[in-house]
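As a plain string of letters, each chain reads:
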Amino acid sequence: MMPGRVEVMIEEAEITKRISELGDELSRRYEGQPLTLVCVLKGAMPFFGRLCTAVSVPVWCDFISASSYHGGTESSGTVLVRVEPSSEMIRDRDVVLVEDIVDTGLTITALRERILEQGARSVAVVTLLDKPSRRKVPLVPDFIGFSIPDAFVIGYGLDLDEYYRNLPFIGLFVPET
Ligand code: IMP
């Protein structure tokens, strides 16, 4: 476990409130349309669970998994799709990819393309956190929980070497120097 300390950046209550607002936004946007919510594993799990219950339109749920980080705090730049949603959940459906954080944008861009290849009618991206200053590809999420500065954050699903996903808030990891 990397030595360092955790500072609270976004409190649990603030996250809960924002997810409820995002649920309302999605419900308004997709009213009367068949919608599939796809959780980007593993980091989006807590966000996905709460967002599902905040959406009032009928939804189908599925999962996708990609790996671009191989430990540490920097992206490797290679995106491997490891778990795919079943094609009947995607084909001719409006799909919303539910992501924990968009950093360089490489992961979500690759997943978006994969979902389009599977025959989705449309693909939108909802992310709990956005780090726009780190972008390497011109990807703008359709729905954003919080826009944050360039810092390595943990908690609420986000990990550092697989630790800290269980923190109920978004924290800033400050490495020991
Ligand atoms: P991207 O491909 O660079 O946009 O990275 C997306 C993925 O990198 C996210 O789904 C996270 O798993 C991981 N990631 C990016 N920034 C952070 C961070 O600050 N904390 C933890 N994971 C991060």
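Residues numbered from 1 in each chain as written. Predicted model: local features only at pLDDT ≥ 70, side-chain atom pairs only at ≥ 80, totals over all residues. Heavy atoms only, no water.

A few words on the overall build of the protein chain. When helices and strands are tallied, the protein chain shows three helices and nine strands. For the protein chain, the sequential pattern of α-helices and β-strands runs β-α-β-α-β-β-β-α-β-β-β-β. The C-alpha atoms of the protein chain give a radius of gyration of 16 Å, which matches the 16 Å a tight globule of 177 residues would have. For the protein chain, long-range pairs separated by at least 24 residues make up 67% of all intrachain contacts whose partners lie at least 6 apart in sequence. Put simply, the protein chain shows about 8600 Å² of open surface, and 52% of that area lies on carbon and sulfur atoms. Separation between the mean location of the 18 positive side-chain charges and that of the 26 negative ones in the protein chain comes to 3 Å. (Helix = DSSP H or I, 4+ residues; strand = E, 2+ residues; numbered from the N terminus. Rg over C-alpha atoms; globule rule 2.2 N^0.38 Å. Contact = heavy atoms within 4.5 Å. Areas by Shrake-Rupley, 256 points an atom, 1.4 Å probe, with all protein chains shown as cover. Lys, Arg positive; Asp, Glu negative; His and termini not counted. Charge placed at Lys NZ, Arg CZ, Asp CG, Glu CD.)

As a further point, take the packing of aromatic side chains. Scanning the entire structure with this criterion turns up two aromatic pairs. Ring centres of phenylalanine 48 and phenylalanine 63 lie 5.7 Å apart, and the angle between their planes is 55 degrees; on these two criteria the pair is classed as tilted. One end of the pair, phenylalanine 48, is in helix α2 (residues 45–54); the other, phenylalanine 63, is in strand β3 (residues 59–67), with 15 residues separating them in the sequence. A ring pair is formed by tyrosine 164 and phenylalanine 173, whose centres lie 5.9 Å apart and whose planes are at 50 degrees; its orientation type is tilted. (Phe/Tyr/Trp six-rings, centres within 6.5 Å; stacked < 30°, edge-to-face > 60°.)

Take the site of the ligand next. Lining the immediate environment of the ligand, one finds 16 residues, of which Asp100, Thr104, Gly105, Thr107 and Val153 sit closest. One of the backbone nitrogen or oxygen atoms of glycine 105 is found 2.8 Å away from an oxygen atom of the ligand. Interatomic distance of 2.6 Å between a backbone N/O atom of valine 153 and a nitrogen atom of the ligand. The protein chains hide 92% of the 490 Å² of surface that the ligand would expose on its own. Elements represented by at least two residues in the shell around the ligand include exactly β5 (94–102) and α3 (106–117). Grouping the amino acids of the shell around the ligand by side-chain chemistry returns eight nonpolar, three polar and five charged. (Near = heavy atom within 4 Å. Polar contact = N/O pair within 3.5 Å; in protein donor to acceptor, adjacent residues only side chain to side chain. Nonpolar A, V, L, I, M, F, W, Y, C, P; charged D, E, K, R; others polar.)

Next up on the list: the sheet that holds strand β9 (residues 170–175). Taken in spatial order, the three strands make up an open sheet running β1-β9-β8, and their pairing is antiparallel. Edge positions in the sheet fall to β1 (4–10) and β8 (153–154), since each has one partner strand and no second. Of the pairings in the sheet, the one linking β8 to β9 comprises two bridges and is antiparallel in character. Among the inter-strand pairings, valine 153 is bridged to a residue of β9, identified as leucine 172. (Pairing = 2+ DSSP bridges.)

This paragraph deals with α3. Taking 1.5 Å per residue, 12 residues should reach 16 Å; α3 reaches 17 Å between its end C-alpha atoms and fits that length. Where α3 is concerned, the buried positions are Thr107, Ile108, Leu111 and Ile115. Down the axis of α3, the sector holding all buried residues measures 85 degrees, keeping them to one side. Residues of α3 that are buried make contact with β2 (35–41), β3, β4 (80–83), β5 and β6 (122–130). (Expected span 1.5 Å × (residues − 1). Buried < 20%, exposed > 50% of the residue type's maximum accessible area, 1.4 Å probe, protein only. Arc of directions from axis to C-beta.)

When we look at burial in α2, the residues that qualify are Pro46, Phe47, Phe48, Leu51 and Cys52. Residues of α2 that are buried sit in contact with α1 (12–29), β2, β3, β5 and β6.

Fair warning: the whole summary comes from geometry, so function is off the table for now.
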